[in-house]
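Reading the structure
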Amino acid sequence: MEPRSEVEVAEAVASAKGPLVIQGGGTRSFSDGVAGDVLSVAGLSGLTLYEPGALTLVARAGTTMAEVEETLAAEGQRLPFEPMDHRRLLGTEGEPTIGGVVAANVSGPRRIQAGACRDSLIGVRFVDGRGTILRNGGRVMKNVTGYDLVKLMAGSHGTLGVLTEVAFKVLPVAESVGMVSVEGLPATQAVAAMSRALGSPYEVTGAAHLPSGPDGEPLTMVRVEGFAASVTHRLERLTSVLAEFGPVETDRDPERVSAAWKDLRDVATFAGRAGDVWRISVKPTEGPAVADALPEAEVVFDWGGGLIWALLPEGTDARAALNGRDGHATLVRASSHAKGLPVFHPEPPAVAALSSGLRAKFDPRGVLNPGLMG
C-alpha cells in the first residue's frame, strides 16, 4: 500500500485486517522480521513549511533526506543531529526519508553536543492503530503547545503510529570545522582522551575512536565547529589538553574533515564486510570493558565512548558483554546465523509494562509493526 495523503493512510490503517509493516524509504532493516502487508509512506513527500529566518522546517514523512538536506543547504542550514545514512552499512538501496529518521531516532556524532533527533523535533502528525489522525507540538517554535507525543514518537519504530508529518528546529551550518587526532591509543586511553576533550570548555562536537585510521593505526578524533577564529583557538587549546596522550595532529581541511566524520557517521569501516553489526550504548567509562568482553569484535567508539559499533562473527550475541552493566545492544545488521536473535534489547520489567501499556493505548488491535520491539 502506498497512500498519497494523510487521509489515505488513516483509511489504510482503519481498514487493515492484519499486521502492517510500516516503511519509509526501505533503507533500514529494523522491521525485516515483521510479517504483514507493507504500508509505505513514501508517497507522502514534500516540504509543507520552511522558514529559514525562524529556523523551522516541516516536511511530510516520506520526504527524502536528500530533498531535506539540499533545501537546508541552499540557505546555509542543517539538521543539528547529523543523521546516519544506513545504506552503506546495510547494503540497501532506495532513499532514506525524514519520517524514517524520526521513527528510529537516528542521531549521529554531533549528538553529544546538539542532542538526538528527538531533541530537534518540535511537532508531529501521525495515524494511530485505530486510524485516527493525531498531532502534537507545533510547526514553529513560538506555537509549540506540548512535546509529550513528539518525544514518544521519536524512536518508536512505527509501533505507536504511522508518522505523516514532522517539524524540526534547524541550525546554521558552521563557518569552519577542524579536528585534532592522536594515533595508536588503546581503547582505555582513547576514552580517557575523549573524556578530557569533552570535559574541556572548547565545545567539542564529535569524539570518536577508530580501530584503524588512514595509516593503519588506531585513531582517536575530536572535532570542533564554529567561527573560523574560534575553531583555530579551540584546536590550539585541545592540542595542549591532549598532549599527554601522544603527538597530536591538527586538520583544518573542511573536505577531508567532513569526509572523515561522514564515514564515521555511516560506520563505513564495516560496510561490505562479513559479520553481524551491533550498536551498543553504555556509559563511556564502561566502553573499553564492554569491548574487552567481546574479544572477537572489531569496535568503533563514538559519542566519547558511549556508543560502540561492533563487528562480530555471525550469530554472536553481543548482549552477553553487558552482563551486570547498564546499557543496551541493538542488532543492526544480521546474518542468517543471527536471525533468531531479537533486534532490540529486552526491556526491564517496569519499562516493558509501560511500553506494553502505550502500545495497547495507541494500537489496541496490534496491527502496527507487531512484535518489533518486544
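Just so it is clear, the structure is predicted and the values come from calculations on it, not from any experiment. (Residues numbered from 1 in each chain as written. Predicted model: local features only at pLDDT ≥ 70, side-chain atom pairs only at ≥ 80, totals over all residues. Heavy atoms only, no water.)

Another aspect to go through is the overall build of the chain. Scanning the chain for helices and strands turns up 12 helices and 17 strands. Its C-alpha atoms give the chain a radius of gyration of 21 Å, within 12% of the compact-globule value 21 Å for 374 residues. Projecting the C-alpha coordinates of the chain onto the three principal axes gives extents of approximately 65 × 50 × 35 Å. When contacts within the chain are restricted to residue pairs at least 6 apart in sequence, those whose partners lie at least 24 apart make up 70%. (Helix = DSSP H or I, 4+ residues; strand = E, 2+ residues; numbered from the N terminus. Rg over C-alpha atoms; globule rule 2.2 N^0.38 Å. Contact = heavy atoms within 4.5 Å.)

Judged by pairing direction, the sheet is antiparallel, and its 5 strands sit side by side in the order E3-E4-E8-E6-E7 without closing on themselves. Each edge of the open sheet carries a strand with a single partner, namely strand E3 (47-51) and strand E7 (133-137). Each neighbouring strand pair of the sheet contributes to a mean axis angle of 10°, computed without reference to strand direction. With 5 bridges joining them, strand E4 (residues 56-60) and strand E8 (residues 162-169) adopt antiparallel strand pairing. Across the sheet, the residue bridging to Leu57 is Phe168, located in E8. Sheet contacts for helix H2 (residues 65-74): E3 and E4; angle to E3, the most-contacted strand, approximately 25°. (Pairing = 2+ DSSP bridges. Axes fitted to C-alpha atoms, helices over the stretch in contact; angles between N-to-C directions.)

What follows deals with the pairing of strand E10 (residues 176-183). Across the 8 residues of E10, 7 count as buried, placing the element largely inside the fold. Pairing analysis gives 8 bridges linking E10 to strand E12 (residues 219-226), with the strands arranged antiparallel. For Ser181, the partnering residue across the bridge sits in E12 and is Met221. Relative to strand E13 (residues 248-251), E10 is paired through 4 bridges, and the arrangement is antiparallel. Among the inter-strand pairings, Ser181 is bridged to a residue of E13, identified as Glu249. (Buried < 20%, exposed > 50% of the residue type's maximum accessible area, 1.4 Å probe, protein only.)

Turning next to the pattern of salt bridges. The final tally for this structure, using the stated rule, is 16 salt bridges. Of the charged contacts, one joins Arg78 and Glu225 as a salt bridge, the two residues approaching to 3.2 Å between their closest N and O atoms. Of this pair, Arg78 sits in strand E5 (residues 77-78) while Glu225 sits in strand E12, and the two are 147 residues apart along the sequence. In this structure Glu225 comes out as buried when scored by relative accessible area, which is 11%. (Salt bridge = Lys/Arg side-chain N within 4 Å of Asp/Glu carboxyl O.)

The next point concerns the side chain of Asn105. Assignment of secondary structure puts Asn105 in the loop between helix H4 (98-103) and helix H5 (111-114). Here the side chain of Asn105 touches Arg118 through a polar contact of 3.0 Å, landing on its backbone nitrogen. Excluding residues within four positions of it along the chain, Asn105 makes contact with Ala116, Cys117, Arg118, Ala154 and Gly155. (Polar contact = N/O pair within 3.5 Å; in protein donor to acceptor, adjacent residues only side chain to side chain.)

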